[in-house]
Amino acid sequence: MSIDLAEQESATGSPFASFRGPVHELDARALVLRYGRTAVVHGVDLQIRPGEVTVLLGPNGSGKSTVLRAVSRLHPLGSGSVRIAERETSLMGAREFACALTLFSQSRGLPQGLTVREVVAFGRHPHRRRFAALSEDDHAAIDRALELTGTAGFAHRGISELSGGEVQRVWLASCLAQDTGIVLLDEPTNHLDLRYQIETLDLVRELAREHGTAIGVVLHDLGQAARIADRVVLLEHGEVHAAGTVDEVLTDEHLSAVYEIPIEVSKDPWSGRHRVKVADRRSS
């Protein structure tokens with residue numbers, strides 16, 4: 001599935017209005033993933049759709065990050081298939097794939113001797129010819145990514161001078177500068193203080209709503225998942241325990257079974273937002 005949103009861009013001055021290009025759906029089927037001879041993911045299906053945020057949830061070791069790495073071609077498939085716009089990703093060239101999908105991961109190094117802007121510019125490599133200078137489009141994408149992530153104010157500082165949370169935002173900016181239709185994020189709020197956690201979650205929602213980007217994100221915080229998700233995939237021991245809308249998946253029954261503690265889910269009567277809390281065992 002491919003949707004061209006160029007004619008739908010807003011003229012309101014939103015930074016999202018200058019994003020270009022098609023938006024694609026990612027469709028993974030029957031994924032079996034292994035570490036060595038040990039299967040850790042067993043027959044998982046995952047669809048990440050344009051204009052939606054799909055959150056992967058589950059305890060440590062449930063396979064969330066492994067699935068995200070596999071659909072990003074960073075972990076080999078034992079079996080199964082991954083398609084973007086109905087095309088097998090294994091048949092896509094590296095540049096073509098990198099122009100369609102970007103992954104924000106937890107395992108990025110810290111490049112030495114580079115400024116923040118130079119690191120964000122890494123995201124433009126798939127769009128550039130070899131050894132070519134940055135184009136006007138490249139500079140515009142970098143400026144936009146810096147603005148969206150709140151890193152423009154220290155764009156000319158050395159990356160080694162930054163805190164862990166600031167570095168996290170810089171790598172997110174690099175992913176956004178890649179300007180892809182599919183954005184995958186592995187625990188993007190780690191190391192961020194409360195303000196930037198909320199701003200990052202709001203940014204994720206806006207990317208889906210304003211631009212129609214297909215978003216897949218791994219989270220541990222159930223409250224954060226309830227805040228931003230359109231669809232949830234709840235994993236347990238490398239299998240899908242439940243998948244569907246927030247109302248369908250974030251239930252007392254599903255969460256309590258997977259996390260093996262009593263969890264209560266309610267809705268705020270005014271905002272309609274889900275509230276997730278661990279039940280008081282002493283009251284039972």
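Positions within a chain are numbered from 1, following the residues in the order the chain's sequence is written. Reporting in this predicted model follows two pLDDT cut-offs: at least 70 for local features of residues, and 80 or more for side-chain atom pairs to be given and counted; totals over whole chains, interfaces and linings ignore these cut-offs and use all residues. Only hydrogens and water are set aside; all other atoms, that is, all heavy atoms of the structure, feed into the side-chain values.

Per an unreviewed UniProt entry, the chain goes by the name Fe(3+)-dicitrate ABC transporter ATP-binding protein and belongs to Brachybacterium endophyticum. UniProt positions are given in the numbering used here, feature names are shortened, and annotations may be inferred rather than shown by experiment. Per its UniProt entry, the chain bears the Subcellular location (unreviewed entry) comment "Cell membrane".

**Q** Go over the overall build of the chain with me, naming the residues and quoting the values.
**A** Every helix listed is a DSSP run of H or I at least four residues long, and every strand listed is a run of E at least two residues long, numbered separately from the N terminus. A tally of helices and strands in the chain yields 9 helices and 14 strands. To sort residues, take the accessible area from a 1.4 Å probe on protein chains only and compare it with the maximum for the residue type: under 20% means buried, over 50% means exposed, and anything in between is partly exposed. Among the 284 residues that make up the chain, the fraction classed as buried is 49%. Residue contacts are defined here by distance: any two heavy atoms, one from each residue, within 4.5 Å place the two residues in contact. Sequence separation of at least 24 residues holds for 64% of the intrachain contacts in the chain that already meet a minimum separation of 6.

**Q** An account of the sheet that holds strand E3 (residues 26-35) is requested, with residue identities and associated values reported.
**A** Should DSSP find at least two bridges between two strands, the strands are taken to pair. The strand order across the open sheet formed by 4 strands is E4-E3-E6-E7, and the pairing between neighbours is antiparallel. With one partner strand each, in any of the chains shown, strand E4 (38-48) and strand E7 (87-88) form the two edges of the open sheet. In this structure, strand E6 (residues 79-84) lies alongside E7, joined through 2 bridges in antiparallel fashion. Looking at the pairing, Ile84 lines up with Arg87 of E7.

**Q** Provide a residue-level description of the packing of aromatic side chains, including the pertinent values.
**A** Working definition: rings of Phe, Tyr and Trp (its six-membered ring) pair if their centres are within 6.5 Å, and the pair is stacked with planes under 30 degrees apart, edge-to-face with planes over 60 apart, and tilted otherwise. This model, assessed by the stated rule, comprises 1 aromatic pair. Distance and angle both matter: a charge sits over a ring if NZ of Lys or CZ of Arg is within 6 Å of the ring centre and within 35 degrees of the ring normal. For the cation-ring pair, Arg73 lies above Phe97, with the distance from its terminal atom to the ring centre recorded as 4.2 Å. Sitting over the face of the ring of Tyr196, Arg169 holds its NZ or CZ atom 3.6 Å from the ring centroid.

**Q** Would you mind going over the environment of Leu250 in detail, with residue names and values included?
**A** Looking at where Leu250 falls in the secondary structure, it is placed in the loop between helix H8 (246-249) and helix H9 (252-259). Residues Leu250 and Val232 lie 18 residues apart in sequence; the distance between their C-alpha atoms is 8.0 Å. Every residue in contact with Leu250, bar those within four places of it in the chain, is listed here: Leu57, Leu222, Ala226, Val232, Leu255 and Val265.

**Q** Describe the packing of helix H5 (residues 164-177) against helix H6 (residues 194-211), naming the residues involved and giving the relevant values.
**A** Following both chains from N to C, one finds H5 and H6 inclined at 10 degrees, their axes separated by 13 Å at the closest point. Here H6 runs roughly parallel to H5, going by the angle between their axes. Residues Arg169, Leu172 and Leu176 of H5 form the contact with H6, whose own contacting residues are Tyr196, Thr200, Leu203 and Leu207. To obtain an axis, a line is fitted to C-alpha atoms, over the contacting stretch when the element is a helix, and the angle between two such axes runs from 0 to 180 degrees between their N-to-C directions. Small angles under 35 degrees read as roughly parallel and large ones over 145 as roughly antiparallel, with 65 to 115 read as roughly perpendicular and the rest as oblique.

**Q** Outline the pairing of strand E8 (residues 101-104), listing residues and values.
**A** Alternating residues of E8 divide into Leu101 and Leu103 and Thr102 and Phe104, and every residue in both groups is buried. Sheet analysis places E8 next to strand E9 (residues 182-186), joined by 4 bridges and oriented parallel. Bridging from a neighbouring strand, Leu101 pairs with Ile182 of E9.

**Q** I'd like a rundown of the pairing of strand E11 (residues 231-236), residues and numbers included.
**A** Relative to E11, strand E5 (residues 53-57) is paired through 4 bridges, and the arrangement is parallel. Across the sheet, Leu56 pairs through a bridge with Val233, a residue of E11. Looking at chain direction, E11 and strand E12 (residues 239-245) are connected through 6 bridges and run antiparallel. Paired with Arg231 across the strands is Thr245, a residue of E12.

**Q** A description of the packing of helix H4 (residues 136-148) against H5 should follow, citing residues and the corresponding values.
**A** In the contact formed by H4 and H5, the axes pass within 8 Å of each other and the chain directions differ by 140 degrees. The angle between the axes of H4 and H5 places the two elements in the oblique class. Considering the relative orientation of H4 and H5, their crossing is right-handed. Two secondary-structure elements touch here, H4 through Ala141, Ile142, Ala145 and Leu148 and H5 through Ala173, Leu176 and Ala177. Throughout this entry, Asp, Glu, Lys and Arg are counted as charged residues, while Ala, Val, Leu, Ile, Met, Phe, Trp, Tyr, Cys and Pro are counted as nonpolar. The remaining residues, Gly among them, count as polar. Across the contact of H4 with H5, the residue classes break down as 7 nonpolar, no polar and no charged. In a left-handed crossing the near helix is turned counterclockwise from the far helix by less than a right angle, and in a right-handed crossing that turn is clockwise.

**Q** So what about the side chain of Arg124? Which residues, and what values?
**A** Examined against the element boundaries, Arg124 turns out to sit in the loop between helix H3 (116-120) and H4. Those residues within four positions of Arg124 in sequence are excluded, and the remaining contacts are Leu134, Asp137, Asp138, Ala141, Ile142, Ala177, Gln178 and Asp179.

**Q** Got a sec to walk through the sheet that holds E8? Specific residues and values, please.
**A** Taken in spatial order, the 6 strands of this open sheet run E8-E9-E10-E5-E11-E12, and their pairing is mixed. Here the strands that pair on one side only, and so sit at the sheet edges, are E8 and E12. Direction aside, the axes of adjacent strands within the sheet are offset by 15 degrees on average. Packing against the sheet, H9 makes contact with E5, E11 and E12, and its axis sits at approximately 35 degrees to E11.

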